[in-house]
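Close look at the chain arrangement
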Amino acid sequence: MRKVVLILLLSVGVFGYENLRQKALAKGLKPIPKDYDSLKAQVDDKYNPLTKDKIVLGKELFFDKNLSRDRTIACTSCHDLKKGGVDGKPTAIGYKKRPNPSHLNSPTVLNTAYSKHLFWDGRAKSLREQAKGPSQATFEMASTPELIEQRVSENPKYRAAFEKVFGEDEITFDNVTKAIAAYEKTLVTRSKYDEFLEGNENALTQKEKRGLNLFIDMGCKACHFGPAVGGQKIQKFPLRDYNSIIDLTTTFEEGTHKRHFSQIHFNVDMYHPYPFENKGGFLGKDQTRYFRVPILRNIDKTAPYFHNGVVKTLPEAIKIMAKYQVGVDLTQEQLNALEAFLKSLSGEIVDYDIESKK
């Protein structure tokens, strides 16, 4: 009887999760730096060193619609900083209102400073490499390196800024994307979750702490780790095959970490690659269903979810990930706790006051 009571107490968080902060840090969850120098120390790129002048130049370019073929689309058109770094659409819409041919939606630009893989299939390894893609894609900005160089060179302000930043008279497409990438490195967010990791034990509610504890114990942190809580690796999705004839429902017992089989379902549907509509037919890296692990910061602001945007709500996305990635059918209380924790990751872009300190 005592053992049962102990498990229940742990499950509802009566003990307050006293060691949860140390546990989270030990599992690779880290806060976003408060100051620019600390951020630079963590995310600087030796092939594109951060300078404040370069960041200011990159900001101008990020919002400049003249970089697109018809002068109507800027980076911020799909990566709206007021909308969690996305556009809120199921699929990205670009030049002449062309949709993404694979029905892919726009991943957030926020906190990508910590990403080791960019794009849904993870094909780009740096922001400077990633920035070259959308500007040239015929269904996005539909521009060319030559056209972008011409447009930027037409602006006397840009010519002076590029010479100051790069020490060259000639404006190159490579340097345009380097400047944009430098600015994007500063688009990081902090929330009460960071305050908790830094030592404020009261920053998170009991429900949020329960969600964080579940997030760690269920194994979510194996893919979603680091300061951005994701973006660090490429992973197969779904990990578990749900197309088998027999589908076992598994529950997760908090405190003991035990898993229990509770139900058996018999599937009669034909094979399909995802536990939701395969709209767009995208199958990830090399058609293997391997995807860049999404960043979870500000996740409640970046709906709709998954690569093709067919999942509309955060609770639905959580249930799918729990069942098909870690093999758990969540209780309603567990779902609520995980949702509360994920919402605690949402915050504001850190103002490093770069322009006034140039």
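Every residue gets a number counted from 1 within its own chain, in the order that chain's sequence is written. Selection of residues for local features in this predicted model requires a pLDDT of at least 70, selection of side-chain atom pairs for listing and counting requires 80 or more, and totals for whole chains, interfaces and linings are taken over all residues. Excluding hydrogens and water, the side-chain values take into account all heavy atoms of the structure.

1. Some remarks on the overall build of the protein chain
Strands here mean DSSP runs of E at least two residues long; helices mean DSSP runs of H or I at least four residues long; both are numbered from the N terminus. If you tally the helices and strands in the protein chain, you get 14 helices and six strands. Three labels apply to residues, based on accessible area from a 1.4 Å probe with only protein chains included: buried if under 20% of the type maximum, exposed if over 50%, partly exposed otherwise in between. Residue burial in the protein chain is summarised as follows: out of 358 residues, 52% are buried. Considering only residue pairs separated by 6 or more positions, the protein chain has 70% of its internal contacts joining residues 24 or more positions apart. Surface accessibility in these figures is a Shrake-Rupley result with a 1.4 Å probe; residues are shielded only by whichever protein chains are displayed. Accessible area for the protein chain stands at about 17,200 Å²; split by element, carbon and sulfur atoms hold 52% of it. Working rule for contacts: check all heavy atoms of both residues, and any pair within 4.5 Å makes them a contact.

2. Some details on the packing of helix α12 (residues 206–217) against helix α14 (residues 332–343)
Geometry is summarised by axes, namely lines fitted to C-alpha atoms with helices restricted to the contacting stretch, and by angles between N-to-C directions that run from 0 to 180 degrees. Where α12 contacts α14, the two axes come as close as 7 Å, and the packing angle between them is 100 degrees. Considering the angle they form, α12 stands roughly perpendicular to α14. In contact with Lys207, Glu208, Arg210, Gly211, Leu212, Leu214 and Phe215 of α12, α14 contributes Glu333, Gln334, Asn336, Ala337, Leu338, Ala340, Phe341 and Leu342. Tallied by class, residues from the contact of α12 with α14 come to eight nonpolar, three polar and four charged. Roughly parallel here means an angle under 35 degrees, roughly antiparallel means over 145, roughly perpendicular means 65 to 115, and every remaining angle is called oblique. Classification convention: Asp, Glu, Lys, Arg as charged; Ala, Val, Leu, Ile, Met, Phe, Trp, Tyr, Cys, Pro as nonpolar; all other residues, Gly among them, as polar.

3. Observations regarding helix α8 (residues 145–153)
The α-helix advances 3.6 residues per turn, and as a result positions three or four apart in sequence lie on the same side. Regarding α8, the residues found buried are Pro145, Ile148, Arg151 and Val152. Buried residues along α8 cover an arc of 130 degrees about the axis, so they all sit on one side. Residues of α8 that are buried make contact with α4 (52–62), α7 (132–136), α9 (156–166) and α10 (173–184). Directions from the helix axis toward the C-beta atoms define the arc.

4. With respect to a negative patch on the surface
On the surface, a cluster of negative charge is made up of Glu163, Glu168, Asp169 and Glu170. Within the secondary structure, Asp169 is located in the loop between α9 and α10. Residue class for Asp169 comes out exposed when judged on its relative accessible area of 67%. Each patch is built from residues lacking any salt bridge and having more than 30% relative accessible area; the joining distance is 9 Å for like charges and 5 Å for nonpolar side chains (Val, Leu, Ile, Met, Phe, Trp, Tyr). Definition used for salt bridges: Asp or Glu carboxyl oxygen within 4 Å of a side-chain nitrogen of Lys or Arg. For the purpose of charge, His is not counted, nor are the chain termini; Lys and Arg are scored as positive and Asp and Glu as negative. Every charge is mapped onto a representative atom, which is NZ of Lys, CZ of Arg, CG of Asp or CD of Glu.

5. Thoughts on the state of the cysteines
Disulfide assignment relies on a single distance test, namely cysteine sulfur atoms paired within 2.5 Å. Per the stated rule, a full pass over the model turns up zero disulfides. No disulfide involves Cys75; its sulfur sits 9.1 Å from that of Cys78, the nearest cysteine. A disulfide-free cysteine, Cys220 has its sulfur positioned 8.9 Å from the sulfur of Cys223, the nearest such atom. Residue classification places Cys220 among the buried residues on the basis of a relative accessible area of 17%.

6. Regarding the nonpolar core
Take the buried Ala, Val, Leu, Ile, Met, Phe, Trp, Tyr and Cys residues and link them wherever side-chain atoms come within 4.5 Å; each set so joined is a nonpolar core. Residues Leu212, Met218 and Leu342 are the most contacted members of the largest nonpolar core, which totals 45 residues. At the level of elements, α2 (20–26), α11 (192–197), α12, α13 (314–325) and α14 are the ones that each hand at least two residues to this core. Among the elements that make up this core, the one with the highest residue count is α13 (six residues). Listed in part, the 37 residues of the second largest apolar core include Tyr36, Val43, Ile55 and Leu67.

7. Comments concerning the pattern of salt bridges
This model, assessed by the stated rule, comprises 17 salt bridges. Here Lys157 makes a salt bridge to Glu60, at a shortest N to O gap of 3.8 Å. Remark: Glu60 occurs in helix α4 and Lys157 occurs in helix α9; sequence separation between them is 97 residues. You can call Lys157 exposed: its relative accessible area is 57%. Given a relative accessible area of 39%, Glu60 falls into the partly exposed group. Three or more residues are tied together by salt bridges with common partners; here these are Lys34, Arg190 and Glu198.

8. As for the packing of aromatic side chains
Side-chain rings of Phe, Tyr and Trp (the six-membered ring for Trp) are treated as a pair once their centres are within 6.5 Å; stacked means planes under 30 degrees apart, edge-to-face means over 60, and tilted covers the remaining angles. Enumeration according to the criterion identifies 14 aromatic pairs in this entry. Here Phe276 and Phe306 contribute two aromatic rings whose centre-to-centre distance is 4.9 Å and whose plane-to-plane angle is 40 degrees, an arrangement assigned as tilted. Of this pair, Phe276 sits in the loop between β4 (258–266) and β5 (290–292) while Phe306 sits in the loop between β5 and α13, and the two are 30 residues apart along the sequence. Summarising the burial analysis for this pair, Phe276 and Phe306 share the class buried.

9. Quick word on the side chain of Thr76
Within the fold, Thr76 resides in helix α5 (residues 75–78). Judged by its relative accessible area of 17%, Thr76 is buried. With near-sequence residues (within four places) excluded, Thr76 lies in contact with Phe62, Phe63 and Leu81.

10. Here's the deal with unusual backbone geometry
For the bond from Phe237 to Pro238, the omega torsion is -10 degrees, close enough to zero to count as cis. Between Ala303 and Pro304 the backbone carries a cis peptide bond, its omega angle lying at 0 degrees. As for its placement among the helices and strands, Pro304 is situated in the loop between β5 and α13. Backbone geometry places Arg289, a non-glycine residue, at a positive phi of 65 degrees. For Arg289, the location among the structural elements is in the loop between β4 and β5. In this structure, Phe306 takes a positive phi of about 70 degrees despite not being glycine.

11. A word on the side chain of Thr186
Tracing the chain through its elements places Thr186 in the loop between α10 and β1 (189–190). On the accessibility criterion, Thr186 (7% relative accessible area) is buried. Polar contact is defined as a pair of N or O atoms within 3.5 Å, subject to the rule that within protein one atom must be able to donate a hydrogen and the other to accept it, and that residues adjacent in sequence are counted only when both atoms are side-chain atoms. Engagement of the side chain of Thr186 in a polar contact is seen with the backbone oxygen of Tyr183, the distance being 2.7 Å. Those residues in contact with Thr186 that sit more than four places away from it in its chain are Leu39, Ile55, Ile349, Val350, Tyr352 and Ile354.

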